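Take a look at the letters that make up each chain.
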Amino acid sequence: MPVHIAKTLLPVGTVIGVSCNNLEHVKKAIEDEVDYIGIGAVWGTTTKKLTSPVIGVRGVGSLLQALDDTNIKAIAIGGINSTNVLRTLHGSVSTSGHRLDGIAVVSDIMASLAPRSAANRLRDSLDAWVHHLDVQSRVPQVYDVETIKNGVVELMQVIRDKSPLIHQITNVVVTNQSANATLALGASPIMATAPEEMRDLSRIPGALLINFGTITDKGGMILAGQYANEAQKPIVFDPVGVGATQFRKTTASELLNAWQASVIKGNAGEMASLANSNEVQAKGVDSVGPGFADPASLIREIAKKERCVAVMTGPTDWVSDGTIVVKLENGHKILGDITGSGCLVGTCVATFCAGASLLAAAPGISPGPELAKLVRGNMLMGAVGGVLALTVAAECAAERSDVHGSGTFLPALIDELYNLKPKTLLSRAKVQVL
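On a predicted model such as this, the values are computed, not experimentally measured, just so you know.

Asker: Would you mind showing me how to read the packing of aromatic side chains here?
Answerer: Counted under the stated rule, the structure contains two aromatic pairs. Relative to Phe237, the ring of Phe212 lies with its centre 5.5 Å away and its plane at 75°, an arrangement referred to as edge-to-face. Highlighted residues: Phe212 in the loop between β7 (206–211) and α10 (218–230) and Phe237 in strand β8 (residues 235–238), separated in sequence by 25 residues. Assessed through its relative accessible area of 0%, Phe212 is described here as buried. Ring centres of Phe237 and Trp259 lie 5.6 Å apart, and the angle between their planes is 80°; on these two criteria the pair is classed as edge-to-face. Residue Phe237 is located in strand β8, and its partner Trp259 is located in the loop between α11 (246–258) and β9 (263–267); the two are separated by 22 residues in the primary sequence. Side by side, Phe237 and Trp259 carry an identical accessibility label, which is buried. Ring pairing ties together the aromatic residues Phe212, Phe237 and Trp259, which thus form one cluster.

Asker: Is there a simple way to think about helix α7 (residues 145–162) in this case?
Answerer: Residues spaced three or four apart along an α-helix face the same direction, because each turn holds 3.6 residues. The end-to-end C-alpha separation of α7 is 26 Å, in line with the 26 Å expected for 18 residues at 1.5 Å each. Contacts from the buried residues of α7 go to α8 (175–185), β14 (325–328), α14 (341–360), α15 (379–398), α17 (422–428) and β15 (431–433). With a side-chain oxygen positioned 3.2 Å from the backbone nitrogen of Glu146, the residue opening α7 is Asp144.

Asker: Could you clarify how one ought to interpret the nonpolar core in this entry?
Answerer: Grouped together as the largest cluster of nonpolar side chains are 58 residues, with contacts concentrated most on Val263, Val319, Phe409, Leu413 and Leu417. Residue assignment for this core shows that the elements contributing at least two residues are α7, α8, β7, β12 (309–313), β14, α14, α15 and α16 (406–419). When residues of this core are assigned to their parent elements, the largest contribution, 14 residues, is made by α15. Excluding residues within four positions of it along the chain, Leu417 makes contact with Arg160, Ala181, Ala184, Leu185, Cys348, Ala389, Leu390 and Ala393.

Asker: I would appreciate a short explanation of the packing of α10 against α11 in the present structure.
Answerer: A packed helix pair is summarised by two numbers, namely the angle formed by the two axes and the spacing between the axes. Running from N to C, α10 and α11 cross one another at 25°; their axes reach a closest spacing of 9 Å. Overall, the two elements α10 and α11 adopt an arrangement that is roughly parallel. For the pair α10 and α11, the sense of crossing is right-handed. Here Lys218, Met221, Ile222 and Gln226 of α10 come into contact with α11, specifically with Thr251, Glu254, Leu255 and Ala258.

Asker: Got a minute to help me understand the pairing of β14 in this structure?
Answerer: Each regular strand carries side chains that alternate between the two faces of the sheet. Side chains Val325 and Lys327 of β14 all project onto a buried face; the interleaved residues Val326 and Leu328 project onto the opposite face, where all are buried too. Looking at chain direction, strand β13 (residues 317–320) and β14 are connected through four bridges and run antiparallel. Residue Ser320 lies in a different strand from β14, and its bridge partner there is Val325. Counted between consecutive antiparallel strands, the loop separating β13 from β14 contains four residues, among which Gly322 sits at a positive phi close to 95°. Strand direction decides the pairing type here: β14 and β15, joined by three bridges, are antiparallel. Looking across to β15, one finds that Val326 is bridged to Val433.

Asker: I keep staring at the sheet that holds strand β4 (residues 102–103) and nothing clicks. Help me out?
Answerer: Strands in a sheet are paired, the pairing made by backbone hydrogen bonds, and the direction either parallel or antiparallel. Strand order in the open sheet made by the four strands is β1-β2-β3-β4, with parallel pairing throughout. Each of the sheet's edge strands pairs with one partner strand only, and the pair in question is β1 (17–20) and β4. For strand β3 (residues 73–76) and β4, the ladder comprises two bridges, and the chain directions are parallel. In the sheet register, Ala76 faces β4, and the bridge partner there is Ile103. Sheet contacts for helix α2 (residues 23–31): β1 and β2 (36–39); angle to β1, the most-contacted strand, approximately 165°.

Asker: Is there a simple way to explain the environment of Trp259 in this structure?
Answerer: Look at Trp259 and you get buried, because its relative accessible area is 0%. With 24 residues separating them in the primary sequence, Trp259 and Ile235 have C-alpha atoms 9.0 Å apart. When residues no more than four places from it in sequence are discounted, the contact partners of Trp259 are Arg87, Ile210, Met221, Ile222, Gly225, Gln226, Asn229, Ile235 and Phe237.

Asker: What exactly am I supposed to notice about the side chain of Thr347 here?
Answerer: In this fold, Thr347 is placed in helix α14. For Thr347, a relative accessible area of 0% gives the class buried. Reaching out from Thr347, the side chain makes a polar contact with the side chain of Gln168 at a distance of 2.8 Å. In this structure Thr347 touches Gln168, Ser178, Ala181, Thr182 and Leu209, once residues within four positions along its chain are discounted.

Asker: Would you explain the pattern of salt bridges in this entry?
Answerer: Charged atoms that come close allow side chains of opposite charge to pair. Applying the stated criterion across every chain yields a total of 13 salt bridges. Asp32 serves as the salt-bridge partner of Lys28, at 2.9 Å between the closest nitrogen and oxygen. Three or more residues are tied together by salt bridges with common partners; here these are Arg400, Asp402, Asp415 and Glu416.

Asker: Is there a simple way to explain the sheet that holds β14 in this structure?
Answerer: The strand order across the open sheet built from nine strands is β6-β5-β7-β8-β9-β12-β13-β14-β15, with neighbouring strands paired in mixed fashion. Looking at the sheet topology across the chains shown, the edges are occupied by β6 (188–190) and β15. Across the sheet, the axes of successive neighbouring strands diverge by a mean angle of 20°, strand direction being ignored. Pairing analysis gives two bridges linking β8 to β9, with the strands arranged parallel. Paired with Val236 across the two strands is Val263, which belongs to β9. The sheet contacts of α10 involve β5 (165–169), β7 and β8, and relative to β7 the element is tilted by about 150°.

Conventions we followed
- Along each chain, numbering runs from 1 in the same order as the chain's sequence is written.
- Owing to the predicted nature of the model, reporting of local features is limited to residues with pLDDT of at least 70; listing and counting of side-chain atom pairs is limited to 80 or more, with chain, interface and lining totals taken over all residues.
- Where side-chain values are given, they derive from all heavy atoms of the structure, hydrogens and water being excluded.
- Each Phe, Tyr or Trp ring (for Trp, its six-membered ring) is paired with any other whose centre lies within 6.5 Å, and the angle between the two planes then decides the class: stacked below 30 degrees, edge-to-face above 60, tilted in between.
- The secondary structure listing takes helices from DSSP runs of H or I that are at least 4 residues long and strands from runs of E that are at least 2 residues long, numbered from the N terminus.
- Burial status follows relative accessibility: with a 1.4 Å probe on protein chains alone, a residue under 20% of its type maximum counts as buried, one over 50% as exposed, and anything between as partly exposed.
- What a helix is expected to span follows from its residue count: subtract one and scale by 1.5 Å.
- Contact definition: two residues touch when any of their heavy atoms are within 4.5 Å.
- Polar contacts, as used here, are pairs of N or O atoms within 3.5 Å; protein pairs need one atom able to donate a hydrogen and one able to accept it. Residues neighboring in sequence count only if both atoms are side-chain atoms.
- Within this scheme, the nonpolar core is defined by two criteria: the residues are buried Ala, Val, Leu, Ile, Met, Phe, Trp, Tyr or Cys, and they are joined through side-chain atoms within 4.5 Å.
- Note on method: axes are straight lines fitted to C-alpha atoms, helices fitted across the in-contact stretch only, with angles between N-to-C directions ranging 0 to 180 degrees.
- An angle below 35 degrees is treated as roughly parallel, one above 145 as roughly antiparallel, one from 65 to 115 as roughly perpendicular, and anything else as oblique.
- Left-handed describes a crossing whose near helix is turned anticlockwise from the far helix by less than a right angle; the clockwise case is right-handed.
- One requirement defines pairing of two strands: DSSP has to find at least two bridges between them.
- Any carboxyl oxygen of Asp or Glu within 4 Å of a side-chain nitrogen of Lys or Arg constitutes a salt bridge here.

This is how it looks when you write it as structure tokens:
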């Protein structure tokens, strides 16, 4: 029924809402001056037959942004339950900061043997998340160069003391060197891909790296990420060559809708593809061209859009949480002459994010509102730490007299990761906070 007819039939003051599946629907709702919109379906649902496509969590933000400067409320509808509610709430916030006002849930409550408890659990999650988001917006984290350097050194020690498990679903080209880099940093690697293992692995403290350079384990990737979100473990996503084929683009979107990444890491070409930008082109897994005119703004916007820390690697590395941008200028050009140097960055970032997660769980550290979190720990610090560890180690390796080219550089790089000392990182790290 059209809204204008409903308004003539119903008493004055009746709350009227409409379902919206795309931007045109939202614009029409604004024109009709409705009280609220239901955005969805966000997930697949069996409650009713869908007449419009599932938009996914990442499709909600742009619709919410269209409501900026209006008084229209927005709720998410379609397939929401206790296991995906935080992913829905967190991932749907627009780049302008517009969040959902609520959620509509049917099956998770009606099919429960304890519907009141199911409803209370969902409401508790919503309330905790709203409170956590409000606190974050009022009290933003403040960083300076020394805070970042000292924070990275602290994570180095945590990793060596605790040896977190770094679960890596990665490509066949780099499995061996990634495992060795993990060991060199003091962590423990496992390269498991079977879907049947994912729940058990998610319960072990550490982090998850999903690198789809060779996409053969999509089912395992989806389950691993979902279980990691439930366990509040860091997820580092490395969308290798995402712009090379339509299959890779589709798979990346499917994965990023299924779970919330803590960090997304890619080169300029890969990040351009995620941002739907034509400014930088990709050739297979490599970037071509001079790069972005304003990389700081680009990486900040990607972080806002994806609701996570974003890392763009290259001659200069850029890291952002959507608010601040950290510029890193370490490394050596020989990194570009070995296979999988970018993948090694992902391994190091995952390892340092695991350290950040363990640090947040340490005795005496306030856990914060646990119901509101998909990950524990400072992921910006973890991302910066991982990039610095590899790039500083690369400089040290390249200076060695026994390194004569790419063949001798790779084992030297592993050695330098193994022998990396806090004082070396502190003296060499080239960090700017923008």
